[in-house]
Amino acid sequence: MVNISTYYDEHPINQVAIENALIRLGKSLENLVPEDLFDFDQDHYGGLAAVDALATSSPVQAGDRVLDVCSGMGGPARYLAHNYGCSVTGIDINQLRTAAARQLTSRVALGEKVSFVCGDATKMPFESKNFTKIISQEAFLHIPDKASLFANCLRVLQPGGCLTFTDWIASPRLTDIERGALGEGMAATAIHDENDYVNFLSSAGFVDAQSEDISAWWSEILRERLRMYQTKKEETENLFGVSRHREFMEAYEIFVQAMEERRLGGARFKAFRDI
Ligand SMILES: C[S@@+](CC[C@H](N)C(=O)[O-])C[C@H]1O[C@@H](n2cnc3c(N)ncnc32)[C@H](O)[C@@H]1O
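In this convention, every chain numbers its residues from 1, walking through the sequence in written order. A pLDDT threshold of at least 70 governs which residues receive local features in this predicted model, and a stricter bar of 80 or more applies before side-chain atom pairs are shown or counted, although totals over entire chains, interfaces and linings include all residues.

1. Quick word on the overall build of the protein chain
Then, in step 1: A tally of helices and strands in the protein chain yields 12 helices and seven strands.
Then, in step 2: Using C-alpha atoms as the atom set, the radius of gyration is obtained and then compared with a globule rule of 2.2 Å times the number of residues to the power 0.38. Its C-alpha atoms give the protein chain a radius of gyration of 18 Å, within 12% of the compact-globule value 19 Å for 275 residues.
Then, in step 3: Dimensions of the protein chain along its principal axes, counting C-alpha atoms only, are 50 × 50 × 30 Å.
Then, in step 4: Expressed as a percentage of the 275 residues in the protein chain, the buried residues total 41%.
Then, in step 5: Each residue is represented by a C-beta atom placed from its backbone, and any two residues with such atoms within 7 Å are regarded as in contact. The long-range share in the protein chain, meaning contacts at least 24 apart out of those at least 6 apart in sequence, stands at 77%. Secondary structure follows DSSP: runs of H or I at least 4 residues long count as helices, runs of E at least 2 residues long count as strands, and numbering of each begins at the N terminus. Field definition: a residue is buried when 20 or more other C-beta atoms are found within 10 Å of its C-beta, exposed when 12 or fewer are, and partly exposed for counts in between, with C-beta atoms placed from the backbone.

2. Digging into the nonpolar core
Then, in step 1: Joining buried Ala, Val, Leu, Ile, Met, Phe, Trp, Tyr and Cys residues through C-beta atoms within 7 Å gives a set, and that set is a nonpolar core. Grouped together as the largest cluster of nonpolar side chains are 70 residues, with contacts concentrated most on Val66, Val69, Leu80, Ile134, Cys153 and Leu163.
Then, in step 2: If one sorts the elements of this core by residue count, strand E5 (residues 157-170) sits on top with seven residues.
Then, in step 3: Not counting the four nearest positions on each side in its chain, Val69 is found in contact with Ile91, Ala121, Ile134, Ser136, Ala139 and Cys153.

3. Examining unusual backbone geometry
Then, in step 1: Here the residue pair Ser58 and Pro59 is connected by a cis peptide bond, since its omega of -15 degrees sits within 30 degrees of zero.
Then, in step 2: Among the structural elements, Pro59 can be located in the loop between helix H4 (47-57) and strand E1 (65-69).
Then, in step 3: Even without glycine at this site, Cys70 takes up a positive phi of about 70 degrees.
Then, in step 4: Within the fold, Cys70 resides in the loop between E1 and helix H5 (75-84).
Then, in step 5: One non-glycine residue, Arg262, adopts positive backbone phi at about 60 degrees.

4. Here we look at the site of the ligand
Then, in step 1: We call a residue near a molecule or strand when the C-beta position, derived from backbone atoms, sits within 6 Å of it. If you check the shell around the ligand, you find 23 residues, and the closest are Asp43, His44, Cys70, Gly72 and Ala121.
Then, in step 2: Listed by contribution, the elements that provide at least two residues to the shell around the ligand are helix H1 (4-9), H5 and strand E2 (87-92).
Then, in step 3: Ten residues, namely Ala, Val, Leu, Ile, Met, Phe, Trp, Tyr, Cys and Pro, are considered nonpolar, four, namely Asp, Glu, Lys and Arg, are considered charged, and the remaining ones, Gly among them, are considered polar. In terms of residue class, the shell around the ligand is made up of nine nonpolar, nine polar and five charged.

5. Quick look at the sheet that holds strand E4 (residues 131-137)
Then, in step 1: In short, DSSP must find at least two bridges between two strands for them to pair. What the seven strands build is an open sheet, ordered E3-E2-E1-E4-E5-E7-E6; its pairing is mixed. Of all the strands in the sheet, just strand E3 (114-118) and strand E6 (207-213) have a single pairing partner and so form its edges. Across the sheet, the mean angle separating the axes of adjacent strands is 15 degrees when strand polarity is ignored.
Then, in step 2: Here nine bridges tie E5 to strand E7 (residues 264-272), and the two strands are oriented antiparallel to one another. Bridge pairing in E7 places Asp167 opposite Ala267.
Then, in step 3: Each axis is a line fitted through C-alpha atoms, taken for helices only over the stretch in contact, and angles between the N-to-C directions span 0 to 180 degrees. The sheet strands contacting helix H6 (residues 95-107) are E2 and E3, and the helix crosses E3 at an angle near 165 degrees.

6. Quick notes on the environment of Glu19
Then, in step 1: Relative to the assigned elements, Glu19 resides in helix H2 (residues 15-24).
Then, in step 2: Residue Glu19 is classed as partly exposed on the basis of its 19 C-beta neighbours within 10 Å.

7. What to know about the environment of Met249
Then, in step 1: Looking at the element boundaries, Met249 is found in helix H12 (residues 242-260).
Then, in step 2: With 84 residues separating them in the primary sequence, Met249 and Phe165 have C-alpha atoms 26 Å apart.

8. Focus: helix H10 (residues 215-231)
Then, in step 1: Take the number of residues in a helix, subtract one, and multiply by 1.5 Å to get its expected span. With 17 residues, H10 should cover 24 Å at 1.5 Å per step; its first-to-last C-alpha distance of 25 Å lies within 8% of that length.
Then, in step 2: The bend at a residue is defined as the angle formed between two axes, one fitted to the seven residues ending at that residue and one fitted to the seven starting there. Along its length, H10 shows its largest kink, about 30 degrees, at Ile221.

9. Observations concerning H5
Think of an α-helix as turning once every 3.6 residues; residues three or four places apart then point the same way.
Then, in step 1: Where burial is concerned, most of H5 is hidden: eight out of the 10 residues are buried.
Then, in step 2: Among the residues making up H5, those that are buried are Gly75, Pro76, Ala77, Arg78, Tyr79, Leu80, Ala81 and Tyr84.
Then, in step 3: Looking one or two residues beyond H5, the residue adopting positive phi is Gly85, at roughly 80 degrees.

10. Section: the packing of helix H11 (residues 233-240) against H12
Then, in step 1: Where H11 contacts H12, the axes come no closer than 7 Å and their chain directions differ by 125 degrees. Between H11 and H12, the angle is such that the two are oblique. Only Val242, Arg244 and His245 of H12 make contact with H11, whose side of the interface consists of Lys233, Thr236, Glu237 and Phe240.
Then, in step 2: Classifying every residue of the contact of H11 with H12 by side-chain character gives two nonpolar, two polar and three charged. Here roughly perpendicular refers to angles of 65 to 115 degrees, roughly parallel to angles under 35, roughly antiparallel to angles over 145, and oblique to all remaining angles.

As far as function goes, none of this settles anything; it's purely spatial.
Below you can see the structure in the form of structure tokens.
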């Protein structure tokens, strides 16, 4: 089984790929602005529109102290800080991605508003009530210990603060074979149905937990995302080997098909820490 570190250490969206794309566009890496990165550094479905949907629902405002849980290479964190005027802290378990997040942030001079911690979301090293908002995208599917994850989210959120996130949701028709293949191939070891998620949030102590099914939107855009990964074949093979790219694509094909046939879906969740 691919473990969570290997999966993201050898992922087609990575710092080298981002920098190669910018160089192909004729950009100097020493002279970048935040907008230069936004087409390349968002490792979730729906790009900036998806970050805007979370930010609007929350709502994120200038003056907020936002925590991005599982922040990857920091694309959403930089976008939120740059476009909404808030400060953002990201936490991610992957060392390479955290280092990339810091370097890309410094390249676009957002270091005063955006910072990153390498750590496990189930053991957050932050003081209680430190953040006014929390967001996350397409990451909790990797975290089986939802009780610790959401207990930490609640603890570090100010009273009245909002947690919003998107994630995969399972329909009862998702087969055990598919669950096994997605665990093996995409480190997706913790896929839940929509009601389970709302119950996890309520059990952790969140109030007003609500969800919105966004499966239709995701199933429209994921086939295109699969094609995008196909265009990265040569680059990914050069970085991580032929078999890694093949394994990645095989698992992603299973994922996209399950989304299109609605055995898998996506949802946007929102919940609050009580005042
Ligand atoms: C699909 S990426 C999303 C990255 C980012 N949210 C974005 O939209 O660009 C999922 C991220 O979750 C991180 N992750 C997985 N398990 C984690 C955990 N237990 N604690 C912190 N980060 C975790 C991975 O390292 C990866 O960077």
